[in-house]
Every structure is written in C-alpha cells, then in structure tokens.
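Listed below, chain by chain, are the residues.
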Amino acid sequence: MPPRMECGMGERNIHLDDMLATLGSSVRECLTIIDKHGVATVFVVDESGRLAGVVGEREIRKALVGGAELDDAVAAFVDPPTATSTPRDGRAEVLDVMRALRVGEVPIVDGEGRIVGVHRDSEIVGSFPLENWAVVMAGGRGTRLAPLTDDIPKPMLPVAGRPILERIVLHLVGSGIRRLFLSVNYLGSLVEQYFGDGSKYGCDIEYLRETPDRPLGTGGALGLLGDLGETPAAPVLVMNGDLVTAFPVTELLAAHAESGAVATIATSTYEHQVPFGVLESRSGRLMRIVEKPRPSWPVNAGIYVVSPMLLGRVPRGEMYPITNLFEHCLSRGEAVGLWPIRDQWQDIGRPHELAQARGIGERTR
C-alpha cells in the first residue's frame, strides 16, 4: 500500500489508503471501506501499487445477487475507472469532468500508473497540505471591462463555466494550499457570499476587507494580515485575482526557498514584433540587418512569494503597490528572485483578453 497520506479539510478525514484495496481483498473488505468512509468507489491496486480498476457498491451488489460470496476476492468484479487524471491536471477541469460524468471520485495517476490521490467534490484525498498561506487580490473595479463589471467584480467573471476567482481557489487548494485570504473591496459581499468559509472547497477562507472609498492597491492589503494577531510560518503566496493560470504552485515555492531571496516574482514573456528591418551599427557603420525581429522581455505575471519578514514593512491603511515592496528590498541590497511561468497564463484586464480566455478569440482591441 502507498504511505498513509492526509486529505485536505474533508469532513471524515479520509486518507488515501482508506480508499484503496488490493486484487486479493474480499468483497466484505470493500463493503467495509465504502460503509466506514462514506465513499462511492474503492480503487483497486496491484502488488506494485498501480491502479488495476475500481469497484463500487452498485457493482458489489450486482455481484452478490449473481451468487458471489462476501469472502470472494474482489478481483473478479473490478472495472476500469470511468475517468482518471494526472498530477498536473487542473482541479477545476477535473471537477468539470466529474460533473459531466456524474462520478463522485476521480483517481490521480502518476506516470507509472500508481494512484497518488483522489479528487472528490470538496477535497483532494492524498494531497499533502502546505503550511504556506495564499493571499488573492480580488478587490479591483475592472473599469476597462465595463459594462460587464457594473454588477459583478472582475474576478467573478465566468470563464468556461466558473468564475475566474473560483478557478484560482480550486487551483491553489489542489496544489496543497489550505489557508486562503481573499482581499475584497468592490462588490466584495458577492465574493463572500459565493465562497463562504471555504469548507466546500476543502480549505479555510478568510477575508481582508478594504474600505470602499480607500483602496489599498496590489500590496496594501497585505498590511491587513497584521490584524490576525499571528504571523505566517512560511512564505506567503500572493497573486492577482484576475488570472487564468495553471502554474505549478509547489515549483514556485520550491524555487523561492532554494534561491535564498526575500521575495520572488513570477514572470511571463512579452514579445514585440518590430515591423521593419532593424539596422545594427557601430561607429556609424552598418554591422548587420535583422529583418522584423521579435524581441522579448520578462514581465510581471502578478504572482509573488514573499517572506513573512516583509509583511511588517507594508504600511497600514495606505495605497501601496506591491512593486514598491520589491523596490524597497532592492534598495536594502536584498535579493528578489524571478521565476518564469512556462504553463498557461492569461491576464484578464481588457475585453479581448477575457474573450481569449473564454476561447472566443479577439473581438475587441
């Protein structure tokens, strides 16, 4: 059996091995798993821990009606899983598949066929909770997206059937984050009503509330963490709430830890198509001609990791762009790392960007 691993915030505190049986397990043992842990599916693994198939209460009942005995090995009644996922699949996408197929659990299978976790409606069984907190900035007005944002906060605009912010929450929880703070301002009550305390997502969600007539900017909300009366024990992940992205959270956190930097900025790549032939010269003489080059630069992707020691530097109750914090670090000679995002990333700030994220294509510029 795989090592015993805790689930997230599940009501029954299910462990991964609570949902697993072997090909030699009896029908009785599988029924006991289903009854004791309130699961719909038992995942059957072979001697190497690879997923061999699944068996559910309905299949067991059918087998018993057909003459099977409770002490019979379950191997004869195992079916292929309706769906599987990989460790890199986004939680939102997996939940959409579960909803479409009307299944309550989908196994997470690694490249060697071993089951390493299970997606359920409100948790991922088998994931290791991270001690890192996450702060998501969700208070922006989104004026460039008006009139779409007249009655709904920008982070709550839907993409592929879910609000952008919900996709972020699911991604963070699926990556092991269990304590989230949503910074809210414009129509913040709609955000709070939608997400509640986070229990339905398998996490704890708390709210950093800005004064409606006094926005704090991308960094100012971090000062509100001081009202909690506690200090995070690990670096804090901070990100904008209007991003459609599947970046690997654990890889970013690991890169930050290994770099020794006090903060790390995730970067995307911006390319510019020069429509002319560029002339490179030296001392007034042509050296070479570069036809229509596409120079590129790393740009701020709106995702950061900050060491807990930096939180006390954020002024209280003031507009404070988070970039000011990084510039302050540089002025003190402190290292600020850069980490390139190589996965999906889309900022939602203008109508054509929202259209791209929805798969519609550019309609407005």
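The structure presented is a predicted model; accordingly, all values stated were derived computationally and were not measured.

### Considering the layout of surface pockets
Approximately 700 Å³ is the volume found for the largest pocket. Taken together, 32 residues line the largest pocket, and the ones lying closest to its centre are Pro87, Arg88, Gly174, Ser175 and Thr250. Taken together, the elements giving at least two residues each to the lining of the largest pocket come down to strand 5 (115-120), strand 6 (123-125), helix 4 (164-174) and helix 7 (249-259). At four residues, the largest contribution of residues to the lining of the largest pocket is made by strand 5. Partitioned by chemical class, the residues of the lining of the largest pocket number 16 nonpolar, eleven polar and five charged. Shared between two domains, the lining of the largest pocket holds at least three residues of each, these being domain 1 (16-123) and domain 2 (130-358). In this structure, the second largest pocket occupies an estimated 530 Å³ of space. Lining the second largest pocket are 24 residues, with Gly139, Gly140, Arg141, Lys154 and Thr218 sitting closest to its centre. Residues that form the lining of the second largest pocket fall into these classes: nine nonpolar, nine polar and six charged.

### What about the side chain of glutamate 210?
With respect to the helices, strands and loops of the structure, glutamate 210 is situated in the loop between strand 11 (204-209) and helix 6 (217-220). No salt bridge forms around the buried glutamate 210; measuring N to O, its nearest opposite-charge neighbour arginine 214 is 9.7 Å away. A distance of 3.1 Å separates a polar atom in the side chain of glutamate 210 from a polar atom in the side chain of asparagine 185. Within the local environment of glutamate 210, its side chain forms a polar contact with the backbone nitrogen of leucine 216, the two atoms lying 3.1 Å apart. Each residue touching glutamate 210, except ones within four places of it in the same chain, is listed here: Ser183, Val184, Asn185, Pro215, Leu216, Gly217, Ala221 and Leu224.

### Thoughts on the pattern of salt bridges
Within this structure, the stated rule accounts for 20 salt bridges. Notably, a salt bridge pairs arginine 294 with glutamate 271, separated by 2.9 Å at the nearest N-O pair. Of this pair, arginine 294 sits in the loop between strand 16 (285-291) and strand 17 (296-306) while glutamate 271 sits in strand 14 (residues 263-271), and the two are 23 residues apart along the sequence. The class for glutamate 271 is partly exposed, based on a relative accessible area of 43%. Of the charged contacts in the structure, one is a salt bridge between glutamate 334 and arginine 332, with a shortest N-O distance of 3.4 Å.

### Re helix 5 (residues 188-195)
Those residues of helix 5 not exposed but buried are Gly188, Val191 and Phe195. For helix 5, the buried positions fall inside an angular range of 60° around the axis, keeping them on one side. Contacts made by the buried residues of helix 5 are with helix 4, strand 10 (177-184) and strand 11. At the exit of helix 5 stands glycine 196, carrying a positive phi of roughly 55°.

### Description of the side chain of asparagine 132
Here asparagine 132 is to be found in strand 7 (residues 130-137). Not counting chain neighbours up to four residues away, the residues in contact with asparagine 132 comprise Ile177, Arg179, Ala234, Pro235 and Leu253.

### Re the sheet that holds strand 1 (residues 20-22)
Taken in spatial order, the three strands make up an open sheet running 1-2-3, and their pairing is mixed. The sheet is open, and its two borders are formed by strand 1 and strand 3 (51-56), each paired with just one other strand. In this sheet, neighbouring strand axes are inclined to one another by 35° on average, regardless of whether the strands run parallel or antiparallel. Both strand 2 (residues 41-45) and strand 3 contribute to a ladder of five bridges, which runs antiparallel. Across the sheet, the residue bridging to threonine 41 is glycine 56, located in strand 3.

### A short note on the confidence of the model for the protein chain
When pLDDT drops low, the exact placement of atoms in the prediction is not to be read closely. Chain-level statistics for the protein chain give a pLDDT mean of 87 and a share of 95% at 70 or above. Model confidence for the protein chain, summarised as mean pLDDT per element, is weakest for helix 9 (residues 351-357) at 76 and strongest for strand 18 (residues 336-340) at 97. Confidence over residues 1-12 falls short of pLDDT 50; this stretch has 39 contacts with residues more than four positions distant or in other chains. Note on residues 361-365: pLDDT under 50 across the span, and seven contacts to partners over four residues away in sequence or across chains.

So, how was this worked out
Residues numbered from 1 in each chain as written. Predicted model: local features only at pLDDT ≥ 70, side-chain atom pairs only at ≥ 80, totals over all residues. Heavy atoms only, no water. 1 Å grid on protein atoms, 1.4 Å probe; cavity = no way out; pocket = protein on both sides within 12 Å on 5 of 7 lines; lining within 4 Å. Points joined across faces, edges and corners; volume = space filled by probe spheres on them. Helix = DSSP H or I, 4+ residues; strand = E, 2+ residues; numbered from the N terminus. Nonpolar A, V, L, I, M, F, W, Y, C, P; charged D, E, K, R; others polar. Domains from an automatic or database assignment. Buried < 20%, exposed > 50% of the residue type's maximum accessible area, 1.4 Å probe, protein only. Lys, Arg positive; Asp, Glu negative; His and termini not counted. Salt bridge = Lys/Arg side-chain N within 4 Å of Asp/Glu carboxyl O. Polar contact = N/O pair within 3.5 Å; in protein donor to acceptor, adjacent residues only side chain to side chain. Contact = heavy atoms within 4.5 Å. Arc of directions from axis to C-beta. Pairing = 2+ DSSP bridges. Axes fitted to C-alpha atoms, helices over the stretch in contact; angles between N-to-C directions. pLDDT = per-residue confidence, 0-100.

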